[in-house]
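Residues per chain are reported as follows:
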Amino acid sequence: RCGSRAKGGGDWARSTMGETGAGQSVEKFSFELFPDHSMTVCLFEDVTNAAEIRKEILAQKFDAAFLDATMIADTFQLRAAANKAVYALAKDSLTTHGLHTELIFCLSGNRSISAALNTFGIKDNSQSVVVAVINADAAQLETALSALQGRRSDLSRLQDICDAEKFKKTYKISDAELSHPGASLADSAVCRIAIRDSV
């Protein structure tokens, strides 16, 4: 194992922001090593306009990451990728052209940007979508969240939404690896996220 959640995903503080009329919440995570940065995350289910959102992403309407939730096992995985993206920003060494594209790229266990976008980004038929916004201001967040037509859900639902077989195939996670005490899909993914650039 390549480390605990504290080590693999960075040190985090979490706050929950109630959304008026939503009945659910948006969660905000702060980076201890990068105190000037934060990430705000929201999960949507029963999304009906994913294809439209993809077109607007290509038109650069949003400053946010729209992710296929079937490829996110836990916020730990997302936080680990965000930590790498913010670190790259701090070092002026982004591989992609923007911070939110870098976040999606950092979710991948390989170094293909297009493969990362195709695997982890929102698809035309995505019904469950995670919206992640790094350093969100109110207008930026509202633009991203209000664009999706769907139902907001608690982030704990990710473990039920995640497509375990597709996830294991993408990250090359074996059943034997998951048989170890305390092993999880998210932990295995974070190991691969953490070591990608060193292998």
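K.L.:
So what's going on with the environment of Thr96? Which residues, and what values?
P.N.:
Mapped onto the elements of the fold, Thr96 is located in the loop between helix 3 (75-90) and helix 4 (99-106). By relative accessible area, Thr96 is classed as buried at 9%. Excluding anything up to four places from it in sequence, Thr96 contacts Thr101, Glu102, Phe105 and Ile113. A distance of 3.0 Å separates the side chain of Thr96 from the backbone oxygen of Gly98, its partner in a polar contact.

K.L.:
How would you explain the nonpolar core if you had to name every residue and give the values?
P.N.:
Core analysis: the largest hydrophobic core is formed by 40 residues, its most contacted members being Met39, Leu78, Leu103, Leu107 and Phe167. It is helix 3 that provides the largest number of residues to this core, a total of 7 residues. In this structure, Leu107 is in contact with Leu67, Ile72, Gln77, Leu78, Ala81, Phe120, Tyr171 and Ile193, ignoring residues within four places of it in sequence.

K.L.:
Describe helix 2 (residues 50-58), with residues and values.
P.N.:
Within helix 2, burial applies to Ala50, Ile53 and Glu56. The buried residues of helix 2 occupy one face: seen down the axis, they fall within an arc of 120°. Helix 2 presents Lys55 and Leu58 as exposed residues on the side facing more than 90 degrees away from its buried surface. Those residues of helix 2 hidden inside the fold are in contact with strand 4 (65-68) and helix 6 (138-147). Following helix 2 by one or two positions, Gln60 adopts a phi angle in the positive range, close to 60°.

Each value, and the rule that gives it
Residues numbered from 1 in each chain as written. Predicted model: local features only at pLDDT ≥ 70, side-chain atom pairs only at ≥ 80, totals over all residues. Heavy atoms only, no water. Helix = DSSP H or I, 4+ residues; strand = E, 2+ residues; numbered from the N terminus. Buried < 20%, exposed > 50% of the residue type's maximum accessible area, 1.4 Å probe, protein only. Contact = heavy atoms within 4.5 Å. Polar contact = N/O pair within 3.5 Å; in protein donor to acceptor, adjacent residues only side chain to side chain. Core = buried A, V, L, I, M, F, W, Y, C linked by side-chain atoms within 4.5 Å. Arc of directions from axis to C-beta.

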